[in-house]
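Fold and geometry: a report
Listed here are the chains, written in short residue letters.
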Amino acid sequence: MTVLVLGGAGYIGSHTVYELIEKGEDVVIADSLQTGHIEAVHPKARFYKGDIRDIDFLDELFKKEKIDSVIHFAANSLVGESMTDPLKYYDNNLYGTMVLLKSMVKNGIDKIVFSSTAATYGEPENIPILESDRKEPTNTYGETKLAMEKMMKWVSKAHDLRFVSLRYFNACGAHKSGKIGEAHEPETHLIPLILQVPNGRREQINIFGDDYDTPDGTCIRDYIHVTDLAQAHILAVKYLQNGGESDIFNLGNGVGFSVKEVIDKARKVTGHPIPAVISPRRAGDPAQLVASSEKAKQILGWKPEHYDLEKIIASAWNWHKNHPFGFAKK
């Protein structure tokens, strides 16, 4: 089986490639390197530099490689940027996916696993969030991901293409080898931002709002280790290869931690005081986002192994303390 991983030089994509190769799969990566890192590419994967909006690039790749299934991570994913430059997100995320699906249909590739997001839900009606809950995104990023899911649904009905969409919550942690980890520029995720303080890259961490309707007033999120996410993508590929119908699954630990709790655990892991400053709320931040992943566990047989937030942060710290500037050498 040859799996094409689009965006395989990015954070979750590169971890998924490592897990696929560890399982003995043949892997092809396509990445524009707009936000990915060539250093994150596994040496045993075949790498093609190109953009999913370029149909000639995709057609050529599908003709050259005998691709069985596609895992699609290629997208812009900064919530704040999506609000100030929405057309960039419609162009790369939505138009890029349209071109990809067009090329897949043309070349007879009928299985795709899609990296979606909890941002499709917006302000949740219920905690934990179920796949069937209302979807009203509060930002352009979530809106484009929801539109990408709907595009796959209609293409699947018209062209016998089957898809699995994985809506995940806060990805975090790093590979056990310490060779790859999270490296975004600019960084917007809480755990790497916190770890920039003990790394000397920032003096303090900002807490955006401490007046939410939560036990300590700060936002609560569901943190899921990146390797557990990678395993879910591989199980989704297997599910489709075994004839599974198109479906959508949440991926999370089902446990929420507040911003203050995450900072406290990072202090414990790093031994650094990590000063925290209360700042005004950010627009569009829901008070709580916690997933129900029962469906993924029952249907895909997914068993996340990393439940201990302290250990998850320790894996991230193992990467960040040795790579304070990510893959860049400064």
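Structure report, in brief. (Residues numbered from 1 in each chain as written. Predicted model: local features only at pLDDT ≥ 70, side-chain atom pairs only at ≥ 80, totals over all residues. Heavy atoms only, no water.)

Details of the side chain of T120
The cut-off we apply is this: In DSSP terms, a helix is any run of H or I states spanning at least four residues, a strand is any run of E spanning at least two, and both are numbered starting from the N terminus. To sort residues, take the accessible area from a 1.4 Å probe on protein chains only and compare it with the maximum for the residue type: under 20% means buried, over 50% means exposed, and anything in between is partly exposed. Here a polar contact is taken to be a pair of N or O atoms separated by no more than 3.5 Å, where protein atoms must pair a possible hydrogen donor with a possible acceptor and residues adjacent in sequence count only if both atoms sit in side chains. Two residues qualify as a contact provided that any one of their heavy atoms is within 4.5 Å of a heavy atom in the partner residue.
Counting through the fold element by element, T120 comes out in the loop between β5 (111-117) and α5 (140-159). Residue T120 is classed as buried on the basis of its relative accessible area, which comes to 0%. A distance of 2.9 Å separates a polar side-chain atom of T120 from the backbone oxygen of T117. Setting aside residues up to four positions removed in sequence, T120 forms contacts with K135, E136, P137, G142, K145, L146, E149 and R167.

Observations concerning the packing of aromatic side chains
The line we're drawing: Stacked, edge-to-face and tilted labels apply to pairs of Phe, Tyr and Trp rings (six-membered ring for Trp) whose centres lie within 6.5 Å, assigned for plane angles under 30 degrees, over 60, and everything in between, in that order.
All chains considered together, the criterion is met by 2 aromatic pairs. Relative to F249, the ring of Y239 has its centre 6.2 Å away and its plane inclined at 90 degrees; by these criteria the two rings are edge-to-face. Of the two residues, Y239 sits in helix α7 (residues 226-241) while F249 sits in strand β10 (residues 247-251), which places them 10 residues apart along the sequence. In this structure F249 comes out as buried when scored by relative accessible area, which is 0%.

Digging into the pattern of salt bridges
Heads up, the rule is: Every case where a carboxyl oxygen of Asp or Glu lies within 4 Å of a side-chain nitrogen of Lys or Arg is listed as a salt bridge.
In total, this model carries 17 salt bridges according to the counting rule given. K297 is paired through a salt bridge with E294; the nearest N and O atoms lie 3.8 Å apart. Here the residue K297 and the residue E294 both occupy positions in helix α9 (residues 294-300), the gap between them amounting to 3 residues, near one helical turn. On the basis of relative accessible area, E294 is assigned to the partly exposed category, the value being 42%. Taken together, the shared-partner salt bridges connect D26, R46 and E65 into one network.

Some words on unusual backbone geometry
Backbone torsion omega between I127 and P128 reads 0 degrees, so that peptide bond is classified as cis. Position of P128 among the secondary structure elements: in the loop between β5 and α5. With a phi angle near 65 degrees, L33 is a residue other than glycine that sits in the positive phi range.

Some thoughts on the state of the cysteines
What counts, and what does not: Working definition: a disulfide is two cysteine sulfur atoms within 2.5 Å of each other.
All told, the structure shown has 0 disulfides when counted by the stated rule. The structure places no disulfide on C172, whose sulfur is separated from the nearest cysteine sulfur, that of C219, by 16 Å.

Let's talk about the sheet that holds β5
Pairing between the strands of a sheet is mediated by backbone hydrogen bonds and can be parallel or antiparallel. What counts here: In this description, strands pair whenever DSSP reports at least two bridges between them. Interaxial angles span 0 to 180 degrees and are taken between N-to-C directions of axes, which are lines fitted to C-alpha atoms, for helices over the stretch in contact.
With parallel pairing, 7 strands are arranged side by side in an open sheet as β3-β2-β1-β4-β5-β6-β10. Across the chains shown, the open sheet's two edge strands, defined by having one partner strand only, are β3 (46-49) and β10. Averaged over all neighbouring strand pairs, the angle between strand axes comes to 20 degrees, with direction disregarded. Examined bridge by bridge, β5 and strand β6 (residues 162-168) share 7 bridges and lie parallel to one another. Each residue of the ladder has a partner; that of S115, found in β6, is L166. Sitting on the sheet, α5 is in contact with β4 (69-72), β5, β6 and β10, with an inclination near 155 degrees to β5.

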